[in-house]
Structure formats: C-alpha cells, structure tokens
Amino acid sequence: MAGVGDAAAPGEGGGGGADGRERDGRGQAEQPGGSGPGSPPAPQHTETLGFYESDRRRERRCSRAELSLLRFLSAELTRGYFLEHNEAKYTERRERVYTCMRIPRELEKLMVFGIFLCLDAFLYVFTLLPLRVFLALFRLFTLPCYGLRDRRLLQPAQVCDILKGVLLVICYFMMHYVDYSMMYHLIRGQSVIKLYIIYNMLEVADRLFSSFGQDILDALYWTATEPKERKRAHIGVIPHFFMAVLYVFLHAILIMVQATTLNVAFNSHNKSLLTIMMSNNFVEIKGSVFKKFEKNNLFQMSNSDIKERFTNYVLLLIVCLRNMEQFSWNPDHLWVLFPDVCMVIASEIAVDIVKHAFITKFNDITADVYSEYRASLAFDLVSSRQKNAYTDYSDSVARRMGFIPLPLAVLLIRVVTSSIKVQGILSYACVILFYFGLITLKVLNSIVLLGKSCQYVKKAKMEEKLFNRPPTSTPGKPPSKSPSKCKPSQEENLSASVTSQPTHQKENVIPLLVTSNSDQFLTTPDGDEKDITQENSELKHRSSKKDLLEIDRFTICGNRID
C-alpha cells in the first residue's frame, strides 16, 4: 500500500507538476499580485497598490474639503478670458458704435442740404415765377407784332409757368372764403384726444395728397404741352386744370387745419396738447426702427424727413405770424413763443437722429450712404440746369421729396396778406424792398447750392451720367453701352451745361434724358454683365435695387416705409 502510494506519488507529482504550473500560470494571469518568474514578490506589490489607492482616497477627501463657497467666489473673481480669440466680432461691434456716432453729423449734413433745396424751390414760387409768367404773357401778347416764326405760340416751359401762376391766383382768391378765425375756435373747442387724432389723420392725409397731387400737376403740364400731331389720349386741358385747382385748394385747406391745430397747442394753458403732439414723433420710431430697410428705402425715408422738417418750419412761421397779429406785433410775445418753437424743433431733430441711427445699426448700413443720397439730390439740381433738362427744378424736388410748394405758398400768401396790413406809400415801398430781398436771397441760395452740387457730383463720379446720350432701347431691356470716340472735358461740360439755355429739339430726336437701369454708385456698373455674374455669389444677401436717380418720393417698393 505504501509502495503504491509512493509509486503514485511521483506520477502524481510529475503530472501534478505540470498541472501545478498551469494552475500557477492561471493564478498569475488571474491575480496581478501572483508570483511568477521575473516578478517581484507578491506581498511587496500588494503594498504598493494599497499605497496608491490610499493616496487617491486621500486626494478625493482633500478635493471635497476644498470645494467651498469661498473658493468658488475666488475662482469667479480671478477667472480670465481673451477677447482676441474673437477679434472679428468685437471689431464689427466697435465699427457699429462708430457708425452710430457718425450718423448725427452725416444725417444733419444731408438734412441741411435738402432743406435748402426745398427753400430754393419754395422761394422760386414767390420770386422768379411771377417774372417768368410776366415774360411769357409779354411774349404771348407781342407775338403778332413779330410774326409767327415757330409752330408753337409759347415754349413748353412758358406754358407750365402760366399754368402755375393762374393756379396760384385762383386758389388764393378761393382761400378768402375760408374763415381762419372760425376754424381756430372750432378746433379749440374740441377735446385733447380728438385733436390728437385729428392731427394724426391730417399727417396721413397730407402724404396721400402729396402723392396724388404731383401726378395731377404732371398730367396737367404734359396735357397742355403735348405735341398736337399725336393722337389724343386725354380728356382735355380744361378738366385737368379744374382737377389741379381743386387739388391745390383742398391741400391748402388741409395744411391750414394743421397750422391751426398747432396754433391751438401753442396757446393751450397746460401745454398738454403740444406734449402729446411731440410724443407722436417718438411713436414714429416704433413704426420704422424694427423693420427691414435697404439703401433705397432709407433714401425715401430721408427725403420724407427733409420734407416733413421743412413743412414744420413753415407751419411754425405761420403760427408765429398769427400769434403776433393777435398781440399787436408785440416783440415780448415772440420770446414767449420761442421756447415752444425750440422744443418742437429739438424733438424733431432728436427723433430723426435716433431713428436713423438704429435703422443703420440693425440693417448694417454705413454712414457713408448719406453722402450718396446728397450726391443724388445734387444731381437733380445740376441736371435741371442743362440744355436737355426735361423738368423744372421745383417739380423734380416735388417728385423726389414729396414737397409740393404750390399749396404751401397759397396758404402762406393768404396768412401774410391777412396778418399784415399795407397802407400808405411807405408800406408799399417796404413791400417792394422785401420782394427784392427775397429775389436776392433766392439768387444767392441758388448759386451756393449749384456750386455745392457740382462738387458733390464730381466727388461721387456721376459726371458721365450728365453728358452720355442714352442709346435707343425698348422698355424692359437694359440699354447697351456704346463707347464714345471723342469726349470733351467733363469740367468744361459741367460748367457750360448749367449756364446754357435750353434749345428746342426736333420730335424725331430722342431727348437727352438722364436714365439708368442699375444702382451705379451703390452696387455695380450697368454694362458689365459678366462681372455681375461673377459677383452674384458674394451678393446673394442683397436684393435687386434701383438706381437712386430713378427713385422718387412715390416709388412703390415692397418694403416702403414713410
């Protein structure tokens, strides 16, 4: 038994040795701390792992102990960041701030230039228009003495001058049937809320009258001067003339109601109505700032603001004249009105600045766009002095800004003649001197405006538009450019064209109208279609635009804001 056991022991031991090595290998594989050939002793390795685990647990306990409110506050106070990692964004924000800071200066430069343009067109009605009407009538009455050398009795410009003069005279006498005092007391008897609503309705009606009124006047001028050889496609000159008389008369009454409402606001004891009417300007910010604008829409709104500001100045003049008449022209009462007048003007300027500043900010429009607007207005003035001028300057201002001087002139003449009594030779001499003073002011204003306009046109590089003859093209197709072989000096042409008299052109010759079918100095030139195709990828965010020279106050735009 012992021998068997002893004999089996080596076999078991031999087999067991192999199995033991396999078990040792499995043990070493299963237990990282197991002993094996070339490995440190198991107890020392276990102690090392235990030391590492205890170190980690100690670090966790320390980190939990350091998480405190004081440490969080310390981290928030000492945390840093680097703005240069987003340099483009912050540079753009800084440029927006600089643009908003430049807006008041650039906007007021445009406003001053536009107001003087309106003043020039307004003074024309009182100064040069009567003289032009006198010359036209003199030609008409003395024509039989010289013989009929031309098929036309009068030139088209002379016909339009006579029509304007007759409109002024007829509407002036019609205004005598409107009692200003009764209108004043009727409006004064209304409540403040009613007057506020009435004033807002009058502003809307004034815009609608201006929009449709210029069309009526243009239709009258064209109907009266249209060549007789053409087929008649109108209802006649007399119906158009009666429509023009009715329009000028109704628009003059509407402006009179506006002036009367403003006068009531000035004379109210608590000035509540004046405050409400001034707050109406700030409501305008809400209606325009948060809407999408393009350059052309902003140009229309700028023209509207120029017209509105000039009209308010004339209304304030009418209010001052009526109040001074009621107080027997006491100079002390003028100082009573002066603070209210300054408050109205200051509120109008502040509203315009805030409105334009935020519109340019929200629509990414630079402040340089106002110099382009000014150059466009200057182009109208320069082009109206050329031989190929197709309209009078006062009419171009009316189309561009919506300022029609005839109704406002009728009302001002009516107020001045009713407020100032002319009696005696000395009074008539003062009136004559005042008239010559107005003529002097008109001439000086025109000379300065013409010089400034030439500078603005040259600076904007728009001189070529004044002298290039547009090629024949059908409506809807852009005209193609034809290179001119010989071009005279632009400065000589510019100086000569603004001083030369217009000449009559034949009917079969295309008139030299200033036309353009693209936004030449805002976007891209006209004829470079290949360049336009290449740049379409860069200008996908821009919509198609019209030339500023083709945009008037009454252009229908998809995003039109008044």
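Since this is a predicted model, take the numbers as computed values, not measurements.

1. Quick word on the UniProt feature "transmembrane region" (unreviewed entry) in the protein chain
UniProt records the feature "transmembrane region" (unreviewed entry) for residues 110-142, 162-178, 237-257, 403-420 and 426-451 in the present numbering. Across residues 110-142 one finds 97% helix and 0% strand; the C-alpha atoms that close the span lie 45 Å apart.

2. Some points on the packing of aromatic side chains
Summed over the entire model, instances satisfying the criterion amount to 13 aromatic pairs. Both rings, one in Phe 122 and one in Phe 126, keep their centres 5.0 Å apart while their planes meet at 80 degrees; by these two values the pair is edge-to-face. Taken together, the positions of Phe 122 and Phe 126, both in helix 4 (residues 87-126) and 4 residues apart, correspond to about one turn of that helix. Both residues of the pair, Phe 122 and Phe 126, count as buried. Ring geometry for Tyr 172 and Phe 173: centres 5.5 Å apart, planes at 65 degrees, overall edge-to-face. Residue classification places Phe 173 among the exposed residues on the basis of a relative accessible area of 51%.

3. Comments concerning a positive patch on the surface
Side chains of Arg 56, Arg 57, Arg 60 and Arg 61 sit close together on the surface and give a patch of like positive charge. On the secondary structure map, Arg 56 appears in helix 2 (residues 42-66).

4. With respect to helix 9 (residues 237-267)
In a regular helix each residue adds 1.5 Å, so 31 residues correspond to 45 Å; helix 9 covers 45 Å between its end C-alpha atoms and thus fits that length. Across the 31 residues that make up helix 9, a large majority, 22, are buried.

5. Observations concerning the pattern of salt bridges
Under the defined criterion, the tally for this structure stands at 14 salt bridges. Between Asp 161 and Arg 132 there is a salt bridge, with the nearest N and O atoms lying 2.7 Å from each other. Of the two residues, Asp 161 is situated in helix 6 (residues 156-175) and Arg 132 in helix 5 (residues 128-146); the sequence distance between them amounts to 29 residues. Residue class for Arg 132 comes out partly exposed when judged on its relative accessible area of 33%. A salt bridge links Asp 352 to Lys 355, with the shortest nitrogen-to-oxygen separation between them at 3.9 Å. With Asp 352 and Lys 355 both in helix 12 (residues 331-362) and 3 residues apart, the pair spans about one turn of that helix. Relative accessible area serves as the criterion here: at 0%, Lys 355 is assigned to the buried category.

6. Overview of a nonpolar patch on the surface
A contiguous nonpolar surface patch, about 510 Å² in accessible area, is contributed by Trp 329, Val 416, Ile 420, Val 422, Tyr 428 and Val 431. In this structure, Ile 420 sits in the loop between helix 15 (405-419) and helix 16 (425-459).

7. Observations concerning the environment of Tyr 313
If you trace the backbone, Tyr 313 turns up in helix 11 (residues 295-326). For Tyr 313, a relative accessible area of 29% puts it in the partly exposed group. Sequence separation of Tyr 313 and Ile 345 is 32 residues, and the distance between their C-alpha atoms is 8.1 Å. Beyond its immediate sequence surroundings of up to four residues, Tyr 313 is in contact with Ile 115 and Ile 345.

What counts as what
Residues numbered from 1 in each chain as written. Predicted model: local features only at pLDDT ≥ 70, side-chain atom pairs only at ≥ 80, totals over all residues. Heavy atoms only, no water. UniProt positions renumbered as here; feature names shortened; annotations may be inferred. Helix = DSSP H or I, 4+ residues; strand = E, 2+ residues; numbered from the N terminus. Phe/Tyr/Trp six-rings, centres within 6.5 Å; stacked < 30°, edge-to-face > 60°. Buried < 20%, exposed > 50% of the residue type's maximum accessible area, 1.4 Å probe, protein only. Patch = residues over 30% accessible without salt bridge, like charges linked within 9 Å, V, L, I, M, F, W, Y side chains within 5 Å. Areas by Shrake-Rupley, 256 points an atom, 1.4 Å probe, with all protein chains shown as cover. Salt bridge = Lys/Arg side-chain N within 4 Å of Asp/Glu carboxyl O. Lys, Arg positive; Asp, Glu negative; His and termini not counted. Charge placed at Lys NZ, Arg CZ, Asp CG, Glu CD. Expected span 1.5 Å × (residues − 1). Contact = heavy atoms within 4.5 Å.

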